[in-house]
Every structure is written in structure tokens, then in C-alpha cells.
Amino acid sequence: MNSSLPLRRPLRTHSLIPLQNHKSARFKLQSSRFVNSSIQNCSRTVSFSPSSIPTQPRFNGSVEFRTVPSLRVRVSSNDAQFGSLNEDCEPKAPSFREFITSERIKVVSMLALALALCNADRVVMSVAIVPLSLAHGWSRSFSGVVQSSFLWGYLISPIAGGTLVDYYGGKVVMGWGVALWSLATFLTPWAADTSLWALLATRAMLGIAEGVALPCMNNMIARWFPQTERARAVGIAMAGFQFGNAIGLMLSPILMSKGGIFGPFVIFGLSGFLWVLVWLSAISSTPDRSSQISKYELEYISNKGWKSFPMENKPTTNRIIPPFRRLLSKMPTWSLIIANAMHSWGFFVILSWMPIYFNTIYHVDLKQAAWFSAVPWSVMGFMGYFGGMWSDMLIRSGISVTLTRKIMQSIGFFGPGIALAGLTTARNPFLASAWLTIAVGLKSFSHSGFLVNLQEIAPRYSGVLHGISNTAGTLAAIVGTVGAGFFVELVGSFRGFLLLTSLLYFLSALFYNIFSTGERVNFDENGP
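One numbering rule holds for all chains: residues counted from 1, following each sequence as written. Under the rules for a predicted model, residues below a pLDDT of 70 receive no local features and side-chain atom pairs below 80 are neither given nor counted, while totals for whole chains, interfaces and linings still include all residues. Note that the side-chain values use all heavy atoms of the structure and ignore hydrogens as well as water.

Draft legend 1. Molecular detail of empty space enclosed by the protein. Cavity means a closed set of points on a 1 Å grid over the protein atoms alone, one where a 1.4 Å probe fits but cannot get out, pocket means an open set with protein on both sides within 12 Å along at least 5 of 7 lines, and lining means a residue has an atom within 4 Å of a point. Grid points are joined across faces, edges and corners, and a volume is the space filled by probe spheres set on the points. This structure, assessed with the given rule, holds four cavities of 30 Å³ or more. Looking at the largest cavity, its volume works out to about 220 Å³. Every residue lining the largest cavity is counted, 19 residues in all, and those nearest its centre are Leu 214, Phe 241, His 343, Ser 344 and Asn 470. Working definition: helices are DSSP H or I runs of at least four residues, strands are E runs of at least two. Numbering for both runs from the N terminus. Those elements that place two or more of their residues in the lining of the largest cavity are helix 3 (140-168), helix 7 (230-259), helix 11 (331-362), helix 15 (450-457) and helix 16 (462-491). Sort the elements by how many residues they give to the lining of the largest cavity and helix 11 lands first, with five residues. Residues that form the lining of the largest cavity fall into these classes: nine nonpolar, nine polar and one charged. Note on residue categories: nonpolar means Ala, Val, Leu, Ile, Met, Phe, Trp, Tyr, Cys or Pro, charged means Asp, Glu, Lys or Arg, and polar means any other residue, Gly included.

What follows is the structure in C-alpha cells.
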């Protein structure tokens, strides 16, 4: 039997009284009084398995037991808090005002600030390397070795850091990571005055510590944001990451003019220590541990997110060594590794070579070339947030997570591939900067593709998967940055290397669209 019974909040208990019917049992709801509630409508289906149910005939007082077929009662309510029925009821989506004043926005804002410091500390050396080289008599090639020492440190840490994130949680590991890379930044002036080896070790330490930043970001967003908001949250965090480039490049010359060559290292290092104090005192590792979060926000996150990803909200305690063999045996994993590798290839090639490209092809001085190259990074920050909002809207509208991620990734890779091909046809630096802005802006849509996808296919191992893909990305960054120089020497054309990068974008997008998924993948050792 199917029945829909409208309910209001009872002031006293109610019961279902079985009434005799010749062929089946029917139920009557008895309750004294009800009051209205304005909370959103929700429903629950209660099923009764076939069993012997006592039925009371109206014509006498005897009780007769009769086997009744399986019964389903659909109960509707206007009260989301009505008894045990509230577990199927979900709070309505928050308004924009509620979203920007929520506790989870505080979390992602702190993550964005940490990623801004991460990139700012990284690019300071790009500005300081010129006076340091003059002071110490370093050649151009040796200056490149000094700058690459960061990448060699960054190469070895993401996998170990991601494993620690999965085991201990993002709050603890991010706190230690920012503290260590801020210490390395602060000690750089001392290291440079002490010895070359001390300077190289300090820069490698910076890379090792910064290797945990993106896995921690993914871990914290997976805990604090429901799936329908994760792309937007990643967009906010990665906007901080992109603006860190601009902050470091713009503030470093100003700080150097006021405090000498090492002024930026001291200021950014102290800023990192201040961030750690705020992070540890004001941010909780999970929503249920926060003393500041509202009951509404906690219920919203729980209903929208934790049911889908129960393992995200507490660190893994049964093992610290992840199943690497199983992780690498799945094609969705390789789709993410290749996507991250291509993302890093394009990012570092554009970051490292575009000023030289403008200087070589269009004969503008390096200061102007830096401005032509800097505009796209600011656009990338805004476009990344827009892509995140659009991605979340698609999922809320009923588009599958898998299709949404593939749409975002296609825009994020096919778009730059076409734009870089267009860049090779530009006849003046203004058109070239426009094509570059389109390439970098569309590239940010991939943050709502592969970067969010890490949380979805492996909520339990998202940290180590991010670490594996980051290591692949760092290798690709080294190969792409160094390979660009060799390619230009052999072929004699920057444009040829840009066309090669464009082709790699197309191939990576196709591979991702064929093998990726937005569903959870079974990575257990004994799984299928």
C-alpha cells in the first residue's frame, strides 16, 4: 500500500493504528494536536516488510494476527526538524550573503592567502637574482641553477606531503608547511651571505615545504565544502595562488628599494609566521570541531557533503602508507597525472619565457615585456572563480559531475591550445598580449576540472594523489622550461615551441575526456 500523509509538528506522540480491511490492512494516524511550521517541505518513505501484524476488527474486541504484504507509507512534512524525519531533509541553498559571511569562506580565504604567500615567496628570487648575480659574480647559467634549486626541492615533497595530509589532516600539515617555508624565506639573506651551499639548501627547503600547499588546500576544501560548492572554493583559493605572482613581482622592487636586496625575504617571511598564528587559532580542521560555525551551516555542509564523502572528514588512522600500486593501476588516476603535468608545463613555460618572447619577437624592453606578461595572471585569478561558479551551477542544475568536469577541462585545455596557436600569428605586442590573456584566462577553467576531480575519485587518498600528480607536474615544468631553451636553439623559433605546446594541450584534453570520471574509484587493495 502507498499512502501520503501530510504532517505538522506534533505536541504529543502519535501512532499508526492498524484497521481491519478484508483484503489488506490500512493505517490511521492518531495524534492530539499539531502546529504549523514554515520550514521547507521534506518527505520520507517508511517501509514495512511482510510480517504478522496485529489487526483489530471493529466488530469485536479480539485481536487477530494476519500476514500483510509489504507496505510503504510516504510521510510528508513541512518541518525539516520533525523527529527522525529530518535526516532526509536538507537545508535550502544559502544566499550569496550567507555564503560570503560563512565560516567556510573564512577557511578558503585563509587558504587563498597561504597560496598567495606561497607564490610570492617563490618569485621573490626572480627579482633578487639580478643584484645577487652582480654582487657574487654569478654567470647567467649559474643564476639559473640557483633558481632551479627551488624546483628540485619541490619535486621530492608532494607525494610525502600528500600522504601526511591524508593521515594527519590539512590543518596541521598546512600550518607546518607555511611555518617551514616562511623560515626558509626569512633565512635566505643569512644563507646568501654565508655560503652558496647554504643558499641552495635554503631554496630547496622552500621547495620541500611548499610541496604540501596544494594537497592541503584540496584536503581542507573537501572537508569544508559540499560538492556543489567545491569548484567555486578551488577558484577562490587558486585566485590567491595567481595573485601571489603579481604581489611578489610588484612588491619586491618596492621593498628592495626601501630595505635592500633582502627586504622582501624578511617581510614575506614574517608575514608567513603571522599567518600561522591566525590559522592555528581561528581555523578548525573539520566543521564539526568549529566553535564559530552556525548550526545551519553545519547542517548544510553535513547534508550536502559528508554523506557523499564520509572519509573526508577525519584523517585516516589505520595506515599511513597508501596503496600506490592500486592508485597507479587506474586510468582516472593517469588522466589526472597527465592533466596536471600539462597544466604545469604551460604554466611555467608562459611564466618563464613570455617576457623573453616579447623582447625577442617584438623588440620591447624587458620592463615593458614584464607588464605585457603580467596582465594575464590577474585575469586568470578572476576567470578561475567564474569557472568555479559556473561548474557548481551546472552540477546543481542536474548535469552529472563527470560531464561537468570534462566540460571545464575541455575549456581549460582546448582554449589555451587555440589561443597559443593564435599567439604565433600576432603582428604586434598588443595583439600578442591579448592572445596570451585569452590563453591564461581559459586555462584557469581546468581548476574546476582535474584539480577538483582529485577530491571526487579518491576522497580518502586525495592528498597523495595530488602529490603524485604535482610531482609529475614539476617534472613537466622542468622539462618544459629547460626544453624551451634547447628547442629555440635547435629550431631557431619561439613560435615553433608554442605550436608544440598547443598540440600537447589538445592531446591532454582528449586523454582526460576519455579516461576521467567524476565518481569515486575503488582504490582498496582487495577491491575489483
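Draft legend 2. Molecular detail of the packing of helix 4 (residues 170-194) against helix 5 (residues 196-210). Each axis is a line fitted through C-alpha atoms, and for a helix only the stretch in contact is used; angles between axes span 0 to 180 degrees, taken between their N-to-C directions. Contact pair helix 4 / helix 5: the axes reach a minimum separation of 8 Å and the direction vectors enclose 170 degrees. Considering their axes alone, helix 4 and helix 5 lie roughly antiparallel with respect to each other. Helix-helix and strand crossings are classified by hand; for helix 4 and helix 5 the assignment is left-handed. Between helix 4, through Gly 177, Leu 180, Trp 181, Leu 183, Ala 184, Thr 185, Leu 187, Thr 188, Ala 191, Ala 192 and Thr 194, and helix 5, the contact on the second element is made entirely by Ala 198, Leu 199, Thr 202, Met 205, Leu 206, Ala 209 and Glu 210. Along the lines of polarity and charge, the residues of the contact of helix 4 with helix 5 split into twelve nonpolar, five polar and one charged. Should an angle lie under 35 degrees it is considered roughly parallel, over 145 roughly antiparallel, and from 65 to 115 roughly perpendicular; all remaining angles are considered oblique. The handedness criterion is simple: a crossing whose near helix is rotated anticlockwise from the far helix by less than a right angle is left-handed, and one whose near helix is rotated clockwise is right-handed. Contacts between residues were defined by any pair of non-hydrogen atoms, one from each residue, lying within 4.5 Å.

Draft legend 3. Representation of the environment of Leu 328 in the model. Inspection of the secondary structure assignment puts Leu 328 in the loop between helix 10 (324-327) and helix 11. Residues Leu 328 and Leu 465, 137 residues apart in the sequence, show an inter-C-alpha distance of 9.3 Å. Among all residues touching Leu 328, those that are not within four sequence positions of it are Thr 333, Trp 334, Ile 337 and Ile 468.

Draft legend 4. Spatial organisation of the packing of helix 7 against helix 15. Packing of helix 7 against helix 15 leaves a shortest axis separation of 10 Å and a crossing angle of 130 degrees. On the basis of their axis angle, the class for helix 7 and helix 15 is oblique. Helix 7 and helix 15 meet at a crossing whose hand is right-handed. Residue-level contacts link Arg 230, Ala 231, Val 234 and Met 238 of helix 7 to Leu 451, Val 452 and Gln 455 of helix 15.

Draft legend 5. Spatial organisation of helix 2 (residues 103-136). To estimate the expected span of a helix, subtract one from its residue number and multiply by 1.5 Å. The end-to-end C-alpha separation of helix 2 is 49 Å, in line with the 50 Å expected for 34 residues at 1.5 Å each. Taking the largest bend as the criterion, helix 2 deviates by roughly 45 degrees, centred on Ala 128, and proline Pro 131 comes between one and four positions later. Buried means the residue's accessible area, taken with a 1.4 Å probe over protein chains only, is under 20% of the maximum for its type, while exposed means over 50%, and partly exposed covers the values in between. Helix 2 sits mainly inside the fold: 25 of its 34 residues count as buried. A positive phi of about 70 degrees marks Gly 137, the residue just after helix 2. We define the bend at any residue as the angle between the axes fitted to the seven residues before and including it, ending there, and the seven starting there.

Draft legend 6. Inspection of the side chain of Thr 517 at higher detail. Checked against the element boundaries, Thr 517 lands in the segment after helix 17 (494-515). The buried category is assigned to Thr 517, whose relative accessible area is 18%. A polar contact is formed between the side chain of Thr 517 and the backbone nitrogen of Glu 519, at a distance of 3.1 Å. Beyond its immediate sequence surroundings of up to four residues, Thr 517 is in contact with Pro 332, Thr 402, Asn 453 and Ile 457. Polar contacts, as counted here, are pairs of nitrogen or oxygen atoms within 3.5 Å of one another; within protein the pair requires one atom able to donate a hydrogen and one able to accept it, and residues that are adjacent in sequence qualify only if both atoms are side-chain atoms.

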